[in-house]
Amino acid sequence: MSLRPGVENEMIPESARPFTDIDPAVARALGAGAPVVALESTIITHGMPYPENRDMAAAVERIIREEGATPATIAVIGGRLKIGLSDIEREALARTENAMKLSRADLAFAISEKRTGGTTVAATMIAAALAGISVFATGGIGGVHKGAEKSFDISADLDELARTPVIVVSAGPKAILDVGKTLEVLETRGVPVVAYGSDVMPAFWSRSSPYAAPLRLDRPQAIAGFFRTRAALGIAGGMLVANPVPEADEIPAEEMAGHIAAAQEVAEAEGIGGKAVTPYLLSKILELTAGRSLATNIALVENNARLAARIAGAL
Ligand code: PSU
Ligand code: MN
């Protein structure tokens with residue numbers, strides 16, 4: 001079944017329609033009130049090498065469909081804001097070498113300048129909210145970098161969580177960050193952090209960190225209920241779900257600590273700064289772990305996609 005041309009965009013505010021393409025399956029699901037899960041694309045363009053990025057992006061969509069929800073991978077392609085990609089678009093994006101990394105600061109730039117880019121957690125939240133999608137799955141969010149007291153490097157993901165009403169399902173802050181400071185900023189900005197089935201905060205490749213989980217819930221229905229209650233109280237903003245990577249796929253925190261410190265040292269020596277920091281560290285750690293970090297990254301994204309689909313179903 002396909003919609004009449006032009007009908008798709010009715011989900012989108014009128015001002016954004018001229019440059020937004022909403023995938024027909026996504027539009028149908030939203031129109032019917034069926035569950036939809038947004039997916040980011042910086043993880044495709046900057047987070048993983050080809051062809052693993054291509055295969056991961058296809059796998060997470062498959063998992064979301066298996067769980068009875070509709071996936072909507074979000075990206076900017078040639079200045080079009082895409083809410084849901086076709087297989088061909090997704091595979092082309094995975095092969096694009098000079099894609100931009102788009103956050104709140106430059107999402108509109110890429111659209112007005114007709115560029116192509118992967119959307120970070122922040123930019124994906126903006127696009128998801130625009131389309132009326134409330135649940136979003138990623139790997140790990142950006143946060144406060146180690147040494148931020150000197151570099152001031154704090155991801156725009158944190159501010160976005162504070163203002164945009166989307167549930168972000170992650171495996172916790174990426175362990176390359178200062179997890180403690182990231183939790184402090186989230187608390188200050190009023191962002192609930194819910195660990196799924198765990199009393200401790202997971203840290204991306206590892207199931208545990210030295211930090212207690214600020215909140216804990218054990219069922220997707222409870223997460224959906226919490227989100228609805230916040231909305232009913234008129235509390236603005238999103239929430240972060242931290243879903244521990246499956247035990248079989250984790251790399252213990254003690255082991256990761258050495259690799260992270262080594263990667264950080266090289267990044268500093270090379271003078272890496274700004275938005276290049278996260279992609280640089282991820283690829284350095286991939287090298288240092290001989291690919292194990294990548295296998296874990298893929299496993300945790302898949303695990304998050306499954307939980308996100310269940311939360312979307314419960315909503
Ligand atoms: N999760 C992953 N790999 C990634 C990212 C998340 O498993 O590459 C991306 C997300 O798009 C996140 C971004 O928003 O890294 C954070 O970048 P920064 O620290 O520059 O804000
Ligand atoms: Mn940064």
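Up top is the structure these notes are about.
In this text, all values refer to a predicted model and were calculated from it rather than measured experimentally.

Caption draft 1: Summary view of the site of ligand 1. Near ligand 1 you find 19 residues, and of these Glu 40, Lys 101, Ser 155, Asp 157 and Thr 278 are the closest. Residue Gly 140 places a main-chain N or O atom 3.0 Å away from a nitrogen atom belonging to ligand 1. Contact with the protein chains hides 94% of the accessible area of ligand 1, taken as 480 Å² for the molecule alone. Mapping ligand 1 onto the cavity grids shows that it belongs to the largest pocket. By residue number, the principal contributor to the shell around ligand 1 is helix H2 (residues 42-47), which donates 3 residues. A class-by-class count of the residues in the shell around ligand 1 yields 4 nonpolar, 11 polar and 4 charged. Each of domain 1 (1-133) and domain 2 (141-315) accounts for three or more of the residues forming the shell around ligand 1.

Caption draft 2: Spatial organisation of the pattern of salt bridges. All chains considered together, the criterion is met by 18 salt bridges. A salt bridge links Glu 160 to Arg 104; its shortest N-O distance comes to 2.7 Å. Of the two residues, Glu 160 is situated in helix H8 (residues 156-163) and Arg 104 in the loop between strand S5 (100-102) and helix H5 (107-112); the sequence distance between them amounts to 56 residues. Owing to a relative accessible area of 1%, Glu 160 belongs among the buried residues under this scheme. By relative accessible area, Arg 104 is classed as partly exposed at 37%. Among the charged side chains, a network of salt bridges with common partners joins Asp 21, Arg 80, Lys 82 and Glu 89.

About the thresholds
Residues numbered from 1 in each chain as written. Chains lettered and ligands numbered in written order. Predicted model: local features only at pLDDT ≥ 70, side-chain atom pairs only at ≥ 80, totals over all residues. Heavy atoms only, no water. Near = heavy atom within 4 Å. Polar contact = N/O pair within 3.5 Å; in protein donor to acceptor, adjacent residues only side chain to side chain. Areas by Shrake-Rupley, 256 points an atom, 1.4 Å probe, with all protein chains shown as cover. 1 Å grid on protein atoms, 1.4 Å probe; cavity = no way out; pocket = protein on both sides within 12 Å on 5 of 7 lines; lining within 4 Å. Sits in = over half its atoms within 2 Å of the grid points. Helix = DSSP H or I, 4+ residues; strand = E, 2+ residues; numbered from the N terminus. Nonpolar A, V, L, I, M, F, W, Y, C, P; charged D, E, K, R; others polar. Domains from an automatic or database assignment. Salt bridge = Lys/Arg side-chain N within 4 Å of Asp/Glu carboxyl O. Buried < 20%, exposed > 50% of the residue type's maximum accessible area, 1.4 Å probe, protein only.

This is a description of form; function is not addressed.
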